[in-house]
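A structural walkthrough
Below, each chain spelled out in residue letters.
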Amino acid sequence: MNLARVPATVRILGIDPGSQRTGVGIIDVDASGRARHVHHQPLVLLGEGAFALRLRRLLDGLAQLIDQYAPDEVAIEQVFVGRSADSALKLGQARGAAICAVVLRDLPVSEYAAREVKLAVVGTGGADKGQVQHMVAAMLGLSGRIQADAADALAIAITHAHVRATARRLGVTTQQAWSRK
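Reading the values: rules and limits
Residues numbered from 1 in each chain as written. Predicted model: local features only at pLDDT ≥ 70, side-chain atom pairs only at ≥ 80, totals over all residues. Heavy atoms only, no water. Helix = DSSP H or I, 4+ residues; strand = E, 2+ residues; numbered from the N terminus. Expected span 1.5 Å × (residues − 1). Buried < 20%, exposed > 50% of the residue type's maximum accessible area, 1.4 Å probe, protein only. Contact = heavy atoms within 4.5 Å. Polar contact = N/O pair within 3.5 Å; in protein donor to acceptor, adjacent residues only side chain to side chain. Axes fitted to C-alpha atoms, helices over the stretch in contact; angles between N-to-C directions. Left-handed = near helix turned anticlockwise from the far one by under 90°. Nonpolar A, V, L, I, M, F, W, Y, C, P; charged D, E, K, R; others polar. Core = buried A, V, L, I, M, F, W, Y, C linked by side-chain atoms within 4.5 Å. Pairing = 2+ DSSP bridges.

**Details of helix H5 (residues 148-170)**
If you check H5, its first and last C-alpha atoms are 33 Å apart, about what 23 residues at 1.5 Å a residue would give, namely 33 Å. Counting buried residues along H5, 17 of its 23 residues qualify, which places the element largely inside the surrounding structure. A positive phi of about 75° marks Gly-171, the residue just after H5.

**Examining the environment of Lys-129**
Among the secondary structure elements, Lys-129 is positioned in helix H4 (residues 129-140). Relative accessible area serves as the criterion here: at 43%, Lys-129 is assigned to the partly exposed category. Put simply, Lys-129 and Ala-148 are 19 residues apart on the chain and 6.6 Å apart in space, counted from C-alpha to C-alpha. Residues in contact with Lys-129, not counting those within four places in the same chain, are Ala-148 and Asp-152. A polar side-chain atom of Lys-129 sits 2.4 Å from a polar atom in the side chain of Asp-152.

**Regarding the packing of helix H1 (residues 51-69) against helix H2 (residues 85-103)**
Taken N-terminus to C-terminus, the directions of H1 and H2 make an angle of 30°; their axes are 9 Å apart at the nearest point. Where H1 crosses over H2, the two elements pack in a sense that is right-handed. Of H2, the residues touching H1 (which contributes Phe-51, Leu-55, Leu-58, Leu-59, Leu-62 and Ile-66) are Lys-90, Gln-93, Ala-94, Ala-97, Ala-98, Cys-100, Ala-101 and Val-102. For the contact of H1 with H2, a count of residues per class yields 12 nonpolar, one polar and one charged.

**Quick word on the environment of Met-135**
By the element assignment, Met-135 lies in helix H4. Relative accessible area serves as the criterion here: at 27%, Met-135 is assigned to the partly exposed category. For Met-135 and Ala-155, which are 20 residues apart along the polypeptide, the C-alpha to C-alpha distance reads 8.6 Å. In this view, Met-135 contacts Val-121 and Val-122; residues no more than four positions away in its chain are not counted.

**Focus: the nonpolar core**
Membership of the largest hydrophobic core comes to 23 residues, with the highest contact counts inside it found for Ile-12, Ile-27, Val-136 and Ile-146. The set of elements that each furnish at least two residues to this core consists of strand S1 (9-16), strand S2 (21-30), helix H3 (114-121), H4 and H5. In terms of residue count, the dominant contributor to this core is H5 (nine residues). Leave out the neighbours within four places in its chain, and Val-136 touches Val-121, Ile-146, Ala-151, Leu-154, Ala-155 and Ile-158. Core analysis: the second largest hydrophobic core is formed by 21 residues, Leu-43, Tyr-69, Ala-97 and Leu-107 among them.

**Observations regarding the pairing of S1**
Where a strand is regular, its side chains alternate between the two sheet faces. Buried residues dominate S1, accounting for seven of its eight residues. If you look at the hairpin formed by S1 and S2, you'll find four residues sitting between the two strands. Here four bridges tie S1 to strand S4 (residues 73-77), and the two strands are oriented parallel to one another. Each bridged residue has a counterpart across the sheet, and for Leu-13 the counterpart in S4 is Val-74.

**Structural notes on the sheet that holds strand S5 (residues 109-112)**
Each strand in a sheet pairs with another by means of backbone hydrogen bonds, the pair being arranged parallel or else antiparallel. Strands sit in the order S3-S2-S1-S4-S5 across an open sheet of five strands; the sheet is mixed. Two strands lie at the open edges of the sheet, namely strand S3 (35-44) and S5, each paired on one side alone. The sheet shows a mean angle of 20° between the axes of neighbouring strands, direction not considered. As defined by bridge partners, S1 adjoins S2 across eight bridges and the pair is classed as antiparallel. Residue Thr-9 lies in a different strand from S2, and its bridge partner there is Asp-30. Across the sheet, H1 is in contact with S1, S2 and S3; its angle to S3 comes to roughly 155°.

As structure tokens, this is what we get:
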């Protein structure tokens, strides 16, 4: 049996990647699984001119947040391909830049599909953005409407907190706890 020390509180950074806005949400999760809001915001990438400069802004913005808030783990949304090929490519590039910002700081990254996040937070994989915003606010005790990208990022962090708690109870990795195979 592995008796490795379990930290009393784990800080999780959730990332909802986007080529125009990337949502970030940070929560602390205690040993009992209770989540506490730390920070959320959209990183606005527009107004930088060339797309490469947006990616640079994303890298720099995430680096600054990681340095400021020192997360222990990171959860990021997987790419959803639903619009055009150009949009999917840009989203993939933004997601890649976000992952690079994280792994350059040696942080573990877990990935979740949008439907999985909605299922974990709202109870249905087909939930709309308003439902996600409402449930995130309720779960974290926040008042007012949370910006959509930031709410999605908080939802990703909450999903990871649930998955890691389940994994710990089962004595498996988060990947094994979430896998349907």
